[in-house]
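# A look at the structure
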Amino acid sequence: MRAEGCDIHWDASELSVMGLIDPIRHLPRLYCRFRSLIAFLKRHKPDVVVGIDAPDFTLRVERVMKAQGCRIVHYVSPSVWAWRQGRVDSMKQFVDEVLTLFPFETNIYTQKNMRATCVGHPLADRMPLHPVQAQRTNVRASLGLQGANPIVALLPGSRVHEIERHLPLYLDVARQLMAVFPHIQFVSAIPAESLKPVWSKILQQYPEVPVKVEAATAASALMACDVALLTSGTVTLEALLAKRPMVIAYKMGRLTYWLAKKLVRIPYFGLPNLLAQKQLVPEFLQEAATADRLFQAVSLYLGTTVGAADGAEPQALHQAFEEIHRLLARQGSARAAERVLSHIDMPAKV
């Protein structure tokens with residue numbers, strides 16, 4: 001949005017707080033942002049307010065602006081399929097349309113007689129349905145990796161607390177892998193310049209683990225790797241779209257986990273498994289995410305008996321990933337723009 005000339009008052013990363021406890025610590029700052037944003041919107045009186053993700057913040061903005069006579073479009077459904085389903089009844093009072101990324105989400109709204117449109121996921125449009133081996137070879141060469149030797153991507157997350165919890169764990173797994181696969185290589189990516197200090201501090205504790213770290217998105221690491229060991233989140237969808245075998249882990253604070261067990265009702269937490277509604281790839285949550293278990297799951301993908309622990313075989317896995325990719329590739333950005341424009345008195349041309 002910034003690249004397209006959007007007037008940025010403050011960076012959306014300020015809303016990037018997760019879990020059930022972390023947002024409480026940031027309430028004073030978030031409340032100040034809320035008040036200033038509402039004042040700005042009331043002065044400028046937009047025709048349509050588009051709330052993008054961050055539902056605990058944007059839905060509050062949308063409710064206030066609906067009372068000001070604005071049309072409201074919410075882009076990216078809250079995780080009402082996992083918890084707080086009563087939120088749909090609340091949203092129905094002030095949201096004119098919800099634009100969802102995943103097909104299974106729309107039914108939750110339409111059952112409540114609420115307008116919802118699945119526009120698909122923009123990542124699915126950007127990434128090729130059939131990755132070309134030559135591209136993979138070129139990426140490996142550009143990263144200084146030897147294609148003949150196994151390559152594992154270590155992607156611990158994009159937030160400080162995720163990196164602090166997962167990177168040491170993944171490096172412990174890497175140590176074990178090095179003992180079994182002497183020529184193994186590791187690649188990773190730092191998604192933001194501000195995260196370099198926390199990365200450097202942790203990597204210094206593992207000088208024997210050679211990790212090729214790129215200051216870029218995860219796309220190159222996923223294109224280059226044979227297997228990805230990664231933290232639950234959007235990066236798991238990127239791995240699916242890149243058709244890469246993966247092992248998913250997630251660890252959170254004890255209190256957050258205790259509350260989540262009480263409130264969340266879903267059979268899986270990894271996006272590939274949620275989208276397939278079955279376990280395609282191994283996933284390990286909280287105490288189950290140990291170095292030994294992650295090592296065994298990654299080793300099975302790399303070993304001669306190549307198969308995923310508690311997951312699909314490689315050929316079936318690739319086919320399942322391709323089917324999901326086709327389902328999500330809907331020219332999502334253009335469709336979302338068309339739906340927004342349909343709420344104002346102008347032709348919906350994109």
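Presented here is a report on the structure given in the accompanying data block. Residue indices follow the written sequence of each chain, beginning from 1 at its first position. Per-residue local features of the predicted model are confined to residues with pLDDT of at least 70, and side-chain atom pairs are confined, for both listing and counting, to 80 or more; whole-chain, interface and lining totals are unaffected and use all residues. Remark: hydrogens and water are excluded; side-chain values derive from all non-hydrogen atoms of the structure.

Check the secondary structure of the chain and you find 16 helices and ten strands. Only protein chains enter the accessibility calculation, which uses a 1.4 Å probe. A residue is then buried if its area is under 20% of the maximum for its type, exposed if over 50%, and partly exposed in between. Across the 350 residues in the chain, those meeting the buried criterion constitute 47%. A separation of at least 24 residues holds for 65% of the contacts in the chain among residues at least 6 apart in sequence. Areas reported as accessible are Shrake-Rupley estimates using a 1.4 Å probe. Residue values count occlusion only from the protein chains shown. Surface exposure of the chain reaches about 17,800 Å², of which carbon and sulfur atoms provide 53%. Strands here are runs of E lasting at least two residues and helices are runs of H or I lasting at least four, both read from the DSSP assignment and numbered beginning at the N terminus. Contacts: residue pairs with any heavy atoms within 4.5 Å of one another.

For this analysis, a salt bridge means a side-chain nitrogen from Lys or Arg found within 4 Å of a carboxyl oxygen belonging to Asp or Glu. This model, assessed by the stated rule, comprises eleven salt bridges. Here Lys66 and Asp96 are joined by a salt bridge, their closest N and O atoms 3.0 Å apart. With a gap of 30 residues between them, Lys66 in helix 3 (residues 55-66) and Asp96 in the loop between helix 4 (87-91) and strand 3 (97-100) connect regions that are remote in the sequence. You can call Asp96 buried: its relative accessible area is 15%. Residue Arg326 is joined to Glu322 by a salt bridge in which the shortest nitrogen-to-oxygen separation is 3.2 Å. Taken together, the positions of Arg326 and Glu322, both in helix 15 (residues 314-328) and four residues apart, correspond to about one turn of that helix. Judged by relative accessible area, Glu322 falls into the buried class, the value being 16%. Within the structure, one salt-bridge network assembled from shared partners comprises Lys66, Arg71 and Asp96.

A few words now on the pairing of strand 8 (residues 227-231). Buried residues dominate strand 8, accounting for five of its five residues. The two faces of strand 8 match: Val227, Leu229 and Thr231 on one face and Ala228 and Leu230 on the other face are all buried. When DSSP finds two or more bridges between a pair of strands, those strands are recorded as paired. Relative to strand 8, strand 5 (residues 151-155) runs parallel, the two being bridged by four bridges. Residue pairing for strand 8: Val152 is matched across the bridge by Val227. Both strand 8 and strand 9 (residues 246-250) contribute to a ladder of four bridges, which runs parallel. In the strand pairing of strand 9, Thr231 is matched with Ala249. Following the chain from strand 8 across helix 11 (residues 234-241) to the adjacent parallel strand 9, one finds a crossover that is right-handed. For a crossover, the right-handed case is the one in which the path from the first strand over the helix to the second runs clockwise, viewed with the strands pointing away from the viewer.

On the basis of which strands lie adjacent, the open sheet formed by six strands has the order 7-6-5-8-9-10 and parallel pairing. Whereas interior strands pair on both sides, the edge strands pair on one side only; in this sheet they are strand 7 (211-214) and strand 10 (283-285). Averaged over all pairs of adjacent strands, the angle between strand axes in this sheet comes to 20°, irrespective of strand direction. Orientation is described by lines fitted to C-alpha atoms, with helices fitted over the stretch in contact, and by angles between N-to-C directions that extend from 0 to 180 degrees. Across the face of the sheet, helix 9 (residues 196-203) comes into contact with strand 5, strand 6 (185-189) and strand 7 while running at roughly 175° to strand 7.

Excluding glycine, residues mostly carry a negative phi; peptide bonds, for their part, are mostly trans. Backbone geometry places Asp53, a non-glycine residue, at a positive phi of 55°. Assignment of secondary structure puts Asp53 in the loop between strand 1 (48-52) and helix 3. Positioned with a positive phi, Asn113 is a non-glycine residue whose angle comes to about 60°. Along the chain, the position of Asn113 falls in the loop between helix 5 (103-110) and strand 4 (116-118).

Working definition: the strands of a sheet are paired by backbone hydrogen bonds and lie parallel or antiparallel to each other. Strands sit in the order 1-2-3-4 across an open sheet of four strands; the sheet is parallel. This sheet does not close on itself; its edge strands, each paired only once, are strand 1 and strand 4. Along the sheet, successive strands turn relative to each other by an average axial angle of 20°, direction set aside. The sheet contact formed by strand 3 and strand 4 spans three bridges and is parallel. Note on strand 4: the bridge partner recorded for Thr100 is Cys118. Here helix 5 sits on the sheet and contacts strand 3 and strand 4; the angle it forms with strand 4, its principal contact strand, is near 170°. Against the sheet, helix 16 (residues 332-341) touches strand 1, strand 2 (71-75), strand 3 and strand 4, its axis set at about 175° to strand 3.

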